[in-house]
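Each chain, written out:
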Amino acid sequence: MKNQELAGADNLKAVHNKSYEYLKQLLASSGIIINGHNPWDIQIHDPKAADLILAQGSKGLGESYMAGMWDCQQIDELINIILRSKLDAKIKNLSTLWYSLRAQILNHQTRTRAWEVGETHYDIGNDFFAKMLDPYMTYTCGYWDKASNLNDAQLAKLDLVCQKLNLKPGMHVLDIGCGWGSFMRYAAENYGVTCTGVTISKEQAEYGQQLCQGLPITFRLEDYRDLNEQYDAIVSLGMFEHVGRKNYRTYFEVARRNLKEDGLFLLHTIGGQIRDHHPDPWIDKYIFPNGEVPVLGQISDSLESLFVIEDVHNFGADYDKTLMAWHANFEKHWHEFKAQYSQRFYRMWRYYLLVCAGSFRARSNQLWQIVLSPEGVKGGYRRPRL
């Protein structure tokens, strides 16, 4: 029996070694050296990491990092290189196939499941997000055209949205997925509008109401599908990624019935490049459950006969800078939260921010602002020149 156990252990070790050597060759083909000296090189502490990465792809890469099986000084650049080199396409697995089929067949953003992301992600702690984000607590991509820091980039983005919507004093604006109310707060203070925002996060609604105290702003803990009023303008910043392809048409129908005939609707969303893509398994499990990134074709198909597409603006490269700024704030203030959160959480959150930064740097992900009107702006729409 003892000899059999030793033989089994030797066979298992041989499998680990083969996986390790294959992964080593695969990464080396793109200039990534295992235990190398470049900041983007992987430092593997446990050879079993190779098995997880090759067997589970993205999910295995993230989980093995969370478990401390490997490290990398610049995970963001590692991911940029992997995506630019198409290495991710060389690691196909049944887990990835399942996520792809699941996204196409099932509706994971039903009324019941839509609340899961609020509880899992947005309700982890207002104090935590306050330290990571800008003073307005804007948890979406900043606009870095003329900005040199996170605060200015977020203010520039908020003002860009207000100008694109042509906001005027006295207007009533709906914010679908309002977060902590950063847009509503800025728009009310600087453009004299009244705002109503809906969110699925109890923590966001309560804390946002405190931040916006004294302003003509109302927070509602409500599913967007229940909205049925008339607004002068509608905005949705970073919420569409939680809607899901099975609900895109419903989403735009809701926006249309709530928007006045002469109003404008601005949709701000992360975008992808492949229609029949799959949600990233690691992101889906640990960060944004039931999330899905759309492509432009899905958006245009879903709003057909409901809206005229007036303007499409892609500044996805700015999300790289935004995420790196969030990461810098996260690292700077981690000592304030390390007693509250585990080391596993630290590695998870660090990985999330840097992986996403790398994906935008590689231009695998985009960031679109799309301006829509019900019947087309008379004389044509002009994007404001900033």
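Given the structure is predicted, the values throughout are model-derived calculations rather than measurements.

### So, the environment of V312
- Inspection of the secondary structure assignment puts V312 in strand β8 (residues 308-314).
- For V312, a relative accessible area of 38% translates into the label partly exposed.
- Taking C-alpha positions, V312 is 9.4 Å from R383, a pair spaced 71 residues apart along the chain.
- Setting aside chain neighbours within four positions, we find V312 in contact with L296, Q369, I370 and R383.

### Re the packing of helix α15 (residues 317-333) against helix α16 (residues 343-361)
- Contact geometry for α15 and α16: axes closest at 8 Å, N-to-C directions at 160 degrees. One element, α15, and the other, α16, form an angle in the roughly antiparallel class. Viewed along their axes, α15 and α16 form a crossing whose handedness is left-handed. Side by side, α15 and α16 meet where Y319, D320, L323, M324, W326, H327, F330 and E331 of the first sit next to Y346, W349, R350, L353, L354, C356, A357, F360 and R361 of the second.
- Counted by class, the contact of α15 with α16 contains 12 nonpolar, one polar and four charged residues.

### Some points on the sheet that holds strand β5 (residues 217-221)
- Taking strand neighbours across the sheet as the criterion, the seven strands line up as β5-β4-β3-β6-β7-β9-β8 in an open arrangement whose pairing is mixed. The open sheet terminates on both sides in strands that have one partner only, identified here as β5 and β8. Direction aside, neighbouring strands of the sheet carry axes that sit 15 degrees apart on average.
- Sheet topology note: the β8/strand β9 (residues 366-373) ladder contains six bridges and is antiparallel. Residue D311 lies in a different strand from β9, and its bridge partner there is V371.
- The strands touched by helix α12 (residues 248-258) within the sheet are β3 (172-176), β6 (231-237), β7 (259-271) and β9, with β7 carrying the most contacts at an inclination of about 150 degrees.

### Some points on the packing of aromatic side chains
- Under the defined criterion, the tally for this structure stands at 38 aromatic pairs.
- Their ring planes at 65 degrees and their centres at 5.5 Å tell us that Y224 and Y251 sit as a pair that is edge-to-face. Pair noted here: Y224 is in the loop between β5 and β6 and Y251 is in helix α12, with a separation of 27 residues, a long-range link.
- The buried category is assigned to Y224, whose relative accessible area is 6%.
- Y251 sits in the buried class, given a relative accessible area of 0%.
- Each ring, one from Y341 and one from F345, has its centre 4.5 Å from the other, and the planes form 20 degrees; the classification is stacked. One exposure class covers both Y341 and F345, and it is buried.
- Between the NZ or CZ atom of R347 and the centre of the ring of Y65, over which it lies, the distance is 4.0 Å.

### Quick look at the pairing of β3
- The element β3 is extensively covered by neighbouring structure, given that four of its five residues are classed as buried.
- Note that β3 and strand β4 (residues 194-199) share five bridges and pair parallel. By the bridge assignment for β4, D175 is matched with G197.
- Crossover β3 to β4 through helix α10 (residues 182-191) is right-handed.
- Pairing geometry for β3 and β6, over three bridges, is parallel. Bridging from a neighbouring strand, V173 pairs with A233 of β6.

Calculation rules
Residues numbered from 1 in each chain as written. Predicted model: local features only at pLDDT ≥ 70, side-chain atom pairs only at ≥ 80, totals over all residues. Heavy atoms only, no water. Helix = DSSP H or I, 4+ residues; strand = E, 2+ residues; numbered from the N terminus. Buried < 20%, exposed > 50% of the residue type's maximum accessible area, 1.4 Å probe, protein only. Contact = heavy atoms within 4.5 Å. Axes fitted to C-alpha atoms, helices over the stretch in contact; angles between N-to-C directions. Parallel < 35°, antiparallel > 145°, perpendicular 65-115°, else oblique. Left-handed = near helix turned anticlockwise from the far one by under 90°. Nonpolar A, V, L, I, M, F, W, Y, C, P; charged D, E, K, R; others polar. Pairing = 2+ DSSP bridges. Phe/Tyr/Trp six-rings, centres within 6.5 Å; stacked < 30°, edge-to-face > 60°. Lys NZ or Arg CZ within 6 Å of the ring centre and 35° of its normal. Right-handed = clockwise from strand over helix to strand, strands pointing away.

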